[in-house]
Structure formats: structure tokens, C-alpha cells
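So the chains spell out like this:
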Amino acid sequence: MKKLLIGNEAVAWGLYNGGLRVISSYPGTPSTEITEFLAKHDDIHTEWAPNEKVACEAAFGASLAGARAACAMKHVGLNVAADPLFTLSYTGVTGGLVICVADDPAMHSSQNEQDSRHYAIAAKVPMLEPSDSAEAYAFARSALELSEQYDTPVILRMCTRIAHSQCLVEVGEREEAPLKEYVRQLAKYIMMPGYARVRHPLVEQRMRNLRALAEDCAYNRVENRGSRIGIITSGCSYLYAKEVFGDSVSILKIGMPNPLPEKLIRDFAASVEKLYVIEELDPVIENHVRALGIECTGKSLFSPLGEFSQQTIRDAFRKEGFPFENAPEKQGDAPQVPGRPPMMCAGCPHRGMFYTLVKNHITVLGDIGCYTLGAVAPLNALDSTLCMGASVSGIHGFNLARGKETEGKTVAVIGDSTFMHSGMTGLVNIAYNATNSTVIILDNSITGMTGHQQNPTTGYNIKGDPAAKVDLEALCRALGIARVRVVDPYDLKACERAVREELEAEEPSVIISRRPCVLLKYVKHGEPLRVDAGKCRGCRRCMGLGCPAVSMKDGKARIDRTLCVGCGVCGQLCAFDAIGEGAKE
Amino acid sequence: MKTTSIMIVGVGGQGSLLASRLLGNLLTAEGYDVKLSEVHGMSQRGGSVVTYVRYGEKVYSPVVTEGECDFIISFEKLEAARYADCLRRGGKIIVNTQEIDPMPVITGAAEYPSGILDELKARGFDVDAFDALTPAMEAGSAKAVNIVLMGHFAARSGIAKEKWTAALEQTVPARFLDMNRKAFEAGYGG
């Protein structure tokens, strides 16, 4: 029976039915659900690894041992996993190995919009790119086969729109792929120069073989609809092109963006009068077409920025003289309205610590997670956000550059999961190369932004079963930091004391700001607070917190009782004792 | 047949996901080709959220763009206005009259526009505004606003009511079914 599946669930079914036995991943929007859906199966092993490099290497180990394996990550996660990727290309695989990577054009939830296709080209591995959930299912399933057949890891490229769109998918049955026998193959798997030099020509030969496959495979197909216009496209751009042109133009749909075919493109180009290339982000297909000496129109019409849609395509082709007489006509113009950006939740434990940092005019190097939202008004707490772990590594460099001038006035903030991911090594550097830096671990006992995944500090694994729990205090001490203290971010006085004392101290320190995410099911909420209008002087001090539950009405503070979780942080700020559980409204 | 496009818009946490799942199940059971699209991530943290639902004989694009939308179902007043450019000529906006202040309003950097629905009507939009929050609370929870709205839309969808209730049973967990049935009925008759 056909089921409505988001792209990520379709990938999960494809991998599962393709005989997957092991998947190790790190959560990252928009890739997270692939692994979450696989975790519903008890006959395979699923896990959250501390980061994408570990995940990819765990998948490598499983493949080496003869199992079909995978890892999943967002586009920037592949930067972290790039080290194993480039040499996995040389070793090849035993059990099929699929690396699922999800790009995020338009940066719905990311810090950049890099194009993962460059990795497939640079690492010399095949990449498959589905256009919808049905293809995501089919491509994921066959990627495991392809991997074994060509002795290579295969990258499955998703993007936000395909990962999080649903369409009907016919889901078949699981085909068991028994563990392959483990045979020592030193020249294949020990990548030291003598062996790697022998492997490299095999990589080049493999790419030649794959190029031959690209000429004639189910992934790339021609829809021949006349000779006037030809469009080469891939991914969701294909859907938008079909939406606009239907069956009125010829299309070469690319499902394998690396390696790209040559003859197929030459023949297609020769069959049409005018050739266009429609692809989101970078001109990867376009550059390939041009390198073949074929004239085409691509990025001169289409932006390398953001997501496309049918509207993008119509707008672009209007410039080429297409009238689109039946194009949609809007009812009217929307009025201008205030924006509604995402924000930290009411009762978010990060808020109290951020408030303390802002109040003390501290320079804050930020990191990746919910707490990146500390950057928005009214807190405006952050000075930088680069990538996972960069707060901890960065503060060291910052203090190296400016010494005593900044050491007592600067902190790094990083979440528990991000600290596990790549904060630890930065902390080692602080201790080892001795800057007087202060790191605040915002420990909310969960990987928050991606939708609540367990991590090594939570004490539970992906299935919710009890697991080994990292002792953050002991870990920081073991890494060489003698001053480690824990503070409750709902206690503003304690936060203030901790921040002042650790910044004054003449040695590096870690403050663990610890309180579970307010959205966790086991977290008990307090009674919503009230504002005593008689006592409130309208000083707006509580407004500095940027809590969505607190606003001003007729010159007095007001608390939205449907949002307030009774954390009490605003009450601690009130100089007139106007906020409390029992306050009269 | 022509593809029909619906947008469900609101504020992160209002339950638009369940509403779109209900629509997805209904339209699949009706035998249509269906595409749904939503964006997770940052938008879950109280930001503006939009889900696209498209159905017909053959649907390609999962997204709805300017002038394409047949129905905008909005969980909140501002959000109805935010996406109004997407409404096609002759399309309809169904909107819950609830107001949720966005951060720029909370901090005083902007004002919640008063009379925003009248402004939309003045600009020629067909606006069907009603209070979905009160019947939701009467049914048992403010969270049932999503199903009240879907009930209201159901009565205008051209799809038989029993098909809707069957899809509702398929979509909602059993322990919340009674509450959601009440919410759906309130919206259907509202």
C-alpha cells in the first residue's frame, strides 16, 4: 500500500528494506529523522554518535566487518566527517556503505548553504540525489547495492525541501543482507602510502566505470518532449520545472550528480535548440556541461542563493520571453506585518545565564544550538557563532590575541551535546596552551534544537534506554581545568556570583549552567506567575529577559499564563515584588 | 483536474503538523496524488510556521507560491496577513481570531497591527474569521484549535463529512479522540 512519507522516512525505509544493519549518526536539521525512523526497528542497530566523524567511522567499521551500514548528517556535518570520507573513497567497502547528507538551501536551520555535491566530486565517490520521497526510498535502497557493486561509499544527497516534504511511496519488504565474511585485506584497508598509492588508480578506474554507468542507468533519464527547449535539472528543481512546463519541454533529469554523464548530455544538448540548466546552489551541472564545450543558460538566469520554487522558474523564464499567460494571479497585496522570528521558549534555562552575561557586559563567543537564539533582541547576547565547537576553540585565540584585556571579560557558551561533539578538544587546548579562558557549558540535558535527541551526557541512548553517562565535571577536570563549578541558571544571584568569580580567577575555568530543557516531558512546570498591577511601576526591567510570556500592557508588565511555566526568573528581577505566584492581578 | 493548494499557517507550537497530517490522510484516502511540505528546525521555537498541502490528479511541486493558494487556513491573525500574497484570485482565507504577540511586539519594537483583518478585507481578500480558541477550550484544550479550524474548513471543502471523521479517527491518538471529535464538530458548525 502507498503511504505518505516525508523524504527522511522514505530514506529510512529504503535503507531498512535494503538490508541495513547499522546506522550511526549525529542529529542535524534537516537530516535527523532518517535515524529516528530507523530507531523504530529493533532488528538493526541505530545510535547517536557524539559527532559526524565518529558516526561515519562507526559506519566504516560496520562495513569493514561485513554489514550494510549508513550514517546521516546535515551538510555541515559532512565537513566534520570529511576526513574519513576522503580515505573511505580509497579503501572502498565490504558491506554497502551509504552516507546520507542533507543540504539546507535558504538556511532554514543552518549557518551556511554549502553545496555537498562538491564533496562527492572532491572525494571521488558516487552521489545520488532524489527529487521526492518515492525516489528517496528507491535511491536509498539501491545505494547499498551500488556501494557493494562498485566497492565505494555512496553519498545520498537530500535537501530540506525533499527531506521534509511528503508524497506517496510504495514501501516494499525488507531484504536481508547477511553479514559478509570478514577477511583481512591489508592492502585494501591499511591506508599508508605504499598501499594507498595502489588504491588511488583503482579509485580513478572506479570513477571511469561509474561514468559509464551514468550514461545508462535508472538514476538519469530523458523525457523527450520536442526539440525547442531542453532543461537539465535535478533534485527538487525538477519538480518545479515540471510544475511550470509540464510535458511541453524536454528534460534530462539527473539523479546521479556525481559522476555526471558525458554522452547522455551531448546527445540531449544536440536534440534541442536551446539548453537550460536548473539547479539550486552552485553551478555544478552547468560547469560540467560547459566543460564539455556545450553552450547552456544556467546561473545567468538563476541565483546560487536560497531555495527555488515554481515561481523562481517562471520569473526567470519570463526574462527569456516566455509569457506564461495562465500564470497564477494573486488576489491582492499582503499588508506589511511585524516579523515573527524564532526565540528561546518561556522558561528556557539558557535565559538566566544570558541575562547575567549581558548585564555584566561580557563578550560572548557562541556556538550551535538553541542558545544561538541568545543572539536575538532584546538579549543580543552573542558576539560570534561559527560552527560546532568554535566557541571554546575561539575564545582561546581571542584571549591569545588580547591577553589580560579580554580574559576577565569574555566567555564561551556551548551546549552539552555540542560540547561532546567538538567542544572537548578546544577545552584541552585552553588547558594545555594556557589561556585564562572561561567556558560556560549550557547543560540542558538534551540535544535541543534538532528536536530532543539523547546524547552521551543525558544517560540515555537513542531508544531511550539507560546508557553510560558522561560526568561533565569530572571530564573537564580530566582535560586539565581545575576550576569547575555548577550553577542553576534559574538562580540569577548564583549565576552572577559564578560568572564574576570565574572571570576574576587567574586560571581557566568551566561553569556548568545546568537545568533540563523546559520542553522535556519529565520536567515539572511551576504555577504560572502573575503581576500585581498595584505594585508594578512599569520599569520594564523584566522585559530585558526577552521572555515570550512577559509583555507590557497599559504601562504595566503582564504575564501570559498560557505560556508561563513559573520559572521565577522575572520575579527575581522585580525590585517592587510585583511578580509572584500569589500576586493579585 | 486542477491541483488544489492549501496553506496551513500559524505559530510554532500551535499544532499545524497534526492538521496537515489529517489533511494528508483524508486526501490519500480520497485517491488523490498528494504532496505536503513543512519546514522544521528554528521555526519550532515560536516562529512563524507554514505547511503546504497540494492535491490533484498529478502534483509535482510540494510548495505553494504567490497567487497559487486556494485556501489559507491561519491559526493566528497576523500569520493570515503574512502569507496573503499566496492567495489566488477568488481564494479564501479562514482565520482564527486569536492574537499571539511576536517578539518585536513583546519588546515594543513593533505594534500588533490593529484591524488587520479589516485591512485584508479592504484589500479585497475573502476573509472568514472566527474564534476557534473558545470552542477548543470548551472541547477540553486550547491545543484543539487545530481541529476546530479543520472542522470549519471541512464544511467548505466539498469533501463529505464522514470522510473527514474517518480521517480524524485515523490521525488522532485514541485517548484524544473524544476531545478532537467535539472540536471538529464545533468548527464544522461554526
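Thresholds applied
- Residues numbered from 1 in each chain as written.
- Chains lettered and ligands numbered in written order.
- Predicted model: local features only at pLDDT ≥ 70, side-chain atom pairs only at ≥ 80, totals over all residues.
- Heavy atoms only, no water.
- Helix = DSSP H or I, 4+ residues; strand = E, 2+ residues; numbered from the N terminus.
- Contact = heavy atoms within 4.5 Å.
- Areas by Shrake-Rupley, 256 points an atom, 1.4 Å probe, with all protein chains shown as cover.
- Lys, Arg positive; Asp, Glu negative; His and termini not counted.
- Charge placed at Lys NZ, Arg CZ, Asp CG, Glu CD.
- Buried area = accessible area lost by both parts, 1.4 Å probe.
- Salt bridge = Lys/Arg side-chain N within 4 Å of Asp/Glu carboxyl O.
- Nonpolar A, V, L, I, M, F, W, Y, C, P; charged D, E, K, R; others polar.
- Pairing = 2+ DSSP bridges.
- Phe/Tyr/Trp six-rings, centres within 6.5 Å; stacked < 30°, edge-to-face > 60°.
- Lys NZ or Arg CZ within 6 Å of the ring centre and 35° of its normal.
- Domains from an automatic or database assignment.
- 1 Å grid on protein atoms, 1.4 Å probe; cavity = no way out; pocket = protein on both sides within 12 Å on 5 of 7 lines; lining within 4 Å.
- Points joined across faces, edges and corners; volume = space filled by probe spheres on them.
- Axes fitted to C-alpha atoms, helices over the stretch in contact; angles between N-to-C directions.
- Parallel < 35°, antiparallel > 145°, perpendicular 65-115°, else oblique.
- Left-handed = near helix turned anticlockwise from the far one by under 90°.
- Buried < 20%, exposed > 50% of the residue type's maximum accessible area, 1.4 Å probe, protein only.
- Core = buried A, V, L, I, M, F, W, Y, C linked by side-chain atoms within 4.5 Å.
- Expected span 1.5 Å × (residues − 1).
- Arc of directions from axis to C-beta.

## Overview of the overall build of chain A
Here comes step 1: Tallying secondary structure elements over chain A gives 21 helices and 21 strands in all.
Here comes step 2: Principal-axis analysis of the C-alpha atoms places the extent of chain A at approximately 80 × 65 × 50 Å.
Here comes step 3: Excluding contacts between residues fewer than 6 apart, the proportion of contacts in chain A whose partners are at least 24 apart in sequence is 75%.
Here comes step 4: Of the roughly 23,000 Å² that chain A leaves accessible, carbon and sulfur atoms contribute 52%.
Here comes step 5: Across chain A, the 63 positively charged side chains and the 68 negatively charged ones have centroids separated by 3 Å.

## Things to note about the interface of chain B and chain A
Here comes step 1: Contact residues are listed per partner, giving 59 residues for chain B and 53 residues for chain A.
Here comes step 2: Summing both partners gives a buried area of about 4,900 Å² for chain B against chain A, and 57% of it is carried by carbon and sulfur.
Here comes step 3: In this assembly, chain B and chain A are joined by eight salt bridges.
Here comes step 4: Residue R89 of chain B is joined to E329 of chain A by a salt bridge in which the shortest nitrogen-to-oxygen separation is 3.0 Å.
Here comes step 5: It is strand 2 (residues 33–38) of chain B that contributes the most residues to the side of chain B that touches chain A, six residues altogether.
Here comes step 6: Tallied by class, the residues present in the side of chain B that touches chain A amount to 26 nonpolar, 16 polar and 17 charged.
Here comes step 7: As paired strands, strand 8 (residues 165–170) of chain A and strand 2 of chain B are joined by two bridges and run antiparallel to one another. Each residue of the ladder has a partner; that of S165 of chain A, found in strand 2 of chain B, is S37 of chain B.

## Some points on the side chain of Q114 of chain A
Here comes step 1: Take Q114 of chain A: it is sitting in the loop between strand 5 (97–103) and helix 6 (117–123).
Here comes step 2: If sequence neighbours within four positions are ignored, Q114 of chain A has contacts with H75, V76, N79, D103, Y119 and L281 of chain A.

## Description of the packing of aromatic side chains
For any pair of aromatic rings, geometry is given as the distance between the ring centres together with the angle between the planes.
Here comes step 1: By the definition in use, this model includes 17 aromatic pairs over all chains.
Here comes step 2: The ring of Y238 of chain A has K253 of chain A lying over it, and the distance from NZ or CZ to the ring centre is 5.4 Å.
Here comes step 3: Sitting over the ring of Y188 of chain B, K161 of chain B keeps its end group 4.6 Å from the ring centre.

## With respect to the domain arrangement of chain A
Here comes step 1: When the domains of chain A are assigned, the result is domain 1 (2–215), domain 2 (221–319), domain 3 (350–514) and domain 4 (530–580).
Here comes step 2: Using C-alpha coordinates to define each centre, domain 2 of chain A is positioned 56 Å away from domain 4 of chain A.

## Remarks on the layout of surface pockets
Residue and element names in this part refer to chain A.
Here comes step 1: What the second largest pocket holds in volume is close to 650 Å³.
Here comes step 2: In this structure, the second largest pocket is lined by 38 residues; those nearest its centre are Q111, I368, G369, M388 and T418.
Here comes step 3: Mapped by element, the contributors of at least two residues to the lining of the second largest pocket are helix 4 (75–80) and helix 18 (416–432).
Here comes step 4: A per-element tally of the lining of the second largest pocket places helix 18 first, with five residues.

## Some details on the packing of helix 15 (residues 350–359) of chain A against helix 20 (residues 492–504) of chain A
All names here are of chain A.
Here comes step 1: Where helix 15 contacts helix 20, the axes come no closer than 9 Å and their chain directions differ by 50°. Overall, the two elements helix 15 and helix 20 adopt an arrangement that is oblique. Helix 15 and helix 20 meet at a crossing whose hand is right-handed. Between helix 15, through G352, M353, Y355, T356, L357 and K359, and helix 20, the contact on the second element is made entirely by L492, C495, E496 and V499.
Here comes step 2: In terms of residue class, the contact of helix 15 with helix 20 is made up of six nonpolar, two polar and two charged.

## Section: the environment of A291 of chain A
Here comes step 1: Checked against the element boundaries, A291 of chain A lands in helix 13 (residues 284–291).
Here comes step 2: Separated by 216 residues in sequence, A291 of chain A and E507 of chain A place their C-alpha atoms 57 Å apart.

## Points about the environment of V413 of chain A
Residues and elements named next belong to chain A.
Here comes step 1: Counting through the fold element by element, V413 comes out in strand 14 (residues 410–415).
Here comes step 2: With a relative accessible area of 0%, V413 lands in the buried category.
Here comes step 3: Non-local contacts of V413, meaning those with residues more than four positions away in its chain, are made with F354, L357, V364, L365, G366, D367, Y371, L382, S391, I440 and L442.

## Description of the nonpolar core
Generally speaking, a soluble globular protein has its nonpolar side chains buried in company with each other.
Here comes step 1: Membership of the largest hydrophobic core comes to 88 residues, with the highest contact counts inside it found for L15 and F317 of chain A together with M7 of chain B.
Here comes step 2: When residues of this core are assigned to their parent elements, the largest contribution, eight residues, is made by helix 7 (residues 133–150) of chain A.
Here comes step 3: Setting aside anything within four residues of it in sequence, one finds F317 of chain A in contact with I231, F245, Y276, I278, F302, F322 and F324 of chain A.

## Focus on helix 8 (residues 177–189) of chain B
Side chains three or four residues apart in an α-helix point the same way, a direct result of the helix having 3.6 residues per turn.
Residues and elements named next belong to chain B.
Here comes step 1: Its 13 residues place the ends of helix 8 18 Å apart at the C-alpha level, agreeing with the 18 Å of an ideal helix rising 1.5 Å per residue.
Here comes step 2: Within helix 8 the residues assigned to the buried category are L177, M179, N180, A183, F184 and G187. Take helix 8 and look down its axis: the buried residues cluster within an arc of 155°, on one side only. Opposite the packed face of helix 8, turned more than 90 degrees from it, sit the exposed residues D178, K182 and G189.
Here comes step 3: Buried residues belonging to helix 8 abut helix 5 (133–139), helix 6 (145–154) and helix 7 (161–171).

## Side note on the sheet that holds strand 17 (residues 509–514) of chain A
Residues and elements named next belong to chain A.
Here comes step 1: Reading across the sheet, the five strands line up as 13-14-15-17-16 and stay open at both edges, with parallel pairing between neighbours. What marks the edges here is a single partner per strand, and that holds for strand 13 (363–365) and strand 16 (483–487). Neighbour-to-neighbour, the strand axes of the sheet open up by a mean angle of 25°, direction not taken into account.
Here comes step 2: Across three bridges, the pairing between strand 13 and strand 14 is parallel. Note on strand 14: the bridge partner recorded for V364 is V411.
Here comes step 3: Running at roughly 170° to strand 14, helix 16 (residues 390–402) makes contact with strand 13, strand 14 and strand 15 (438–443) of the sheet.
Here comes step 4: Each of strand 14, strand 15 and strand 17 touches helix 18; the most contacted strand, strand 14, lies at about 145° to it.

## A look at the pattern of salt bridges
Residues and elements named next belong to chain A.
Here comes step 1: Summed over all chains, the structure comprises 60 salt bridges over all chains.
Here comes step 2: The shortest N-O distance in the salt bridge between E57 and K53 comes to 2.6 Å. Taken together, the residues E57 and K53, both in helix 3 (residues 52–64) and four residues apart, mark about one turn of the helix.
Here comes step 3: Put simply, E135, R221, E223, R225, K242, D247 and K253 are held in one network by salt bridges that share partners.

## Focus: the packing of helix 16 of chain A against helix 18 of chain A
Residues and elements named next belong to chain A.
Here comes step 1: Remark: helix 16 packs on helix 18, axes separated minimally by 7 Å, with the N-to-C direction vectors making an angle of 20°. The pairing of helix 16 with helix 18 is recorded here as roughly parallel in orientation. The handedness of the crossing between helix 16 and helix 18 is left-handed. On helix 18, the residues that touch V392, S393, I395 and H396 of helix 16 are G423, G426, L427, N429 and I430.
Here comes step 2: Each residue belonging to the contact of helix 16 with helix 18 can be placed in one class, and the counts come to four nonpolar, five polar and no charged.

## Here we look at the sheet that holds strand 1 (residues 2–6) of chain A
Here comes step 1: An order of 1(A)-8(A)-2(B)-3(B)-1(B)-4(B)-5(B)-6(B) is seen for the eight strands of this open sheet, with the pairing classed as mixed. Two strands lie at the open edges of the sheet, namely strand 1 of chain A together with strand 6 (126–130) of chain B, each paired on one side alone. Ignoring which end each strand starts from, the neighbouring axes of this sheet average 20° apart.
Here comes step 2: Of the strand pairs in this sheet, strand 1 (residues 4–11) of chain B and strand 3 (residues 48–56) of chain B are connected by eight bridges, and their pairing is antiparallel. By the bridge assignment for strand 3 of chain B, V9 of chain B is matched with V50 of chain B.
Here comes step 3: On the sheet, helix 1 (residues 7–17) of chain A packs against strand 1 and strand 8 of chain A and is oriented at approximately 115° with respect to strand 1 of chain A.

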